[in-house]
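Structural characterization, general
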Amino acid sequence: MILLVIGLLLFIGIHALPAFVSVRQALIDKLRFNGYRGLFSLVALAGLVLIVIGKATAEFVPLWNPLAWGRHAAMGVVFVAFILLPAAYMPTNIKRFTRHPMLWGVVLWSAGHLLANGDLASVILFGSLGGFSLLSMASANRRGAILQTGRVPVTKDVLVIVAGLAVYGVFLFAHPWLFGVAVR
């Protein structure tokens, strides 16, 4: 469980950096922008690797028994999350309704997984990432995040749904090999 916690601290810590504008700018000044991006990426990747290894090797400590419908609900909620994640980087009308499609995607992904899992490692992992995403939205809003005002063709929305469905399908299929747990 220690690797999971260290991974989360690295991953969340580096993703919290943009909220500290002066620290971020000092790093960019010292490392230049590409150096900063490289450092950011390396720390985030190291955190992600430790999260995956830490979760896979964590002792199973049950906290509650998930409800029977939790897995089915999780599949629907996570599907929506997989649409919101690419919507952050593609021109869609979704950004007219939320300033933070990726962060909402992480919140839904986390909530979905908490519906299906009731163990300590899952609560630490999904609770931390979901909670951090909510805090990140509040922080970004305080720094002036704005909604998209222009409309884009509906075909762009269809494209992001297709992209989300494709990635969702890959993760459903590969989940047992990637994370050691089959999605039922």
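These lines cover the structure that appears in this document, whether it is placed above or below. (Residues numbered from 1 in each chain as written. Predicted model: local features only at pLDDT ≥ 70, side-chain atom pairs only at ≥ 80, totals over all residues. Heavy atoms only, no water.)

In this section: a nonpolar patch on the surface. There is a patch of nonpolar side chains on the surface, built from Leu 3, Leu 45, Leu 48, Val 49, Val 52, Ile 53, Val 167, Val 170, Phe 171, Leu 178 and Phe 179 and spanning about 890 Å² of accessible area. Mapped onto the elements of the fold, Phe 171 is located in helix α6 (residues 154–179). With a relative accessible area of 32%, Phe 171 lands in the partly exposed category. (Patch = residues over 30% accessible without salt bridge, like charges linked within 9 Å, V, L, I, M, F, W, Y side chains within 5 Å. Areas by Shrake-Rupley, 256 points an atom, 1.4 Å probe, with all protein chains shown as cover. Salt bridge = Lys/Arg side-chain N within 4 Å of Asp/Glu carboxyl O. Helix = DSSP H or I, 4+ residues; strand = E, 2+ residues; numbered from the N terminus. Buried < 20%, exposed > 50% of the residue type's maximum accessible area, 1.4 Å probe, protein only.)

This model, assessed by the stated rule, comprises eight aromatic pairs. Ring centres of Phe 79 and Tyr 168 lie 5.3 Å apart, and the angle between their planes is 70°; on these two criteria the pair is classed as edge-to-face. One end of the pair, Phe 79, is in helix α3 (residues 70–87); the other, Tyr 168, is in helix α6, and 89 residues separate them in sequence. According to the relative accessible area criterion, Phe 79 is partly exposed, its value standing at 24%. A ring pair is formed by Phe 82 and Phe 171, whose centres lie 5.3 Å apart and whose planes are at 50°; its orientation type is tilted. Taken together, the residues span a long stretch of sequence, with Phe 82 in helix α3 and Phe 171 in helix α6 at a distance of 89 residues. Residue class for Phe 82 comes out buried when judged on its relative accessible area of 10%. In textbook terms, an aromatic cluster arises when at least three aromatic residues are bridged by ring pairs, as seen for Phe 79, Phe 82, Tyr 168, Phe 171 and Phe 179. (Phe/Tyr/Trp six-rings, centres within 6.5 Å; stacked < 30°, edge-to-face > 60°.)

One finds Leu 4, Leu 8, Ile 12, Ile 51, Ala 58, Val 106, Ala 121, Leu 125, Phe 126, Leu 129 and Phe 132 forming the largest nonpolar core, which totals 11 residues. Residue assignment for this core shows that the elements contributing at least two residues are α1 (2–16) and α5 (120–142). By residue number, the principal contributor to this core is α5, which donates five residues. Residue contacts for Ala 121: discarding those within four places in its chain leaves Met 1, Leu 4, Lys 55 and Ala 58. (Core = buried A, V, L, I, M, F, W, Y, C linked by side-chain atoms within 4.5 Å. Contact = heavy atoms within 4.5 Å.)

Before going further, it helps to spend a moment on unusual backbone geometry. For residues that are not glycine, phi is negative in most cases, and the peptide bond is trans in most cases. Non-glycine residue Arg 32 carries a positive phi angle of around 65°. With respect to the helices, strands and loops of the structure, Arg 32 is situated in helix α2 (residues 21–57).

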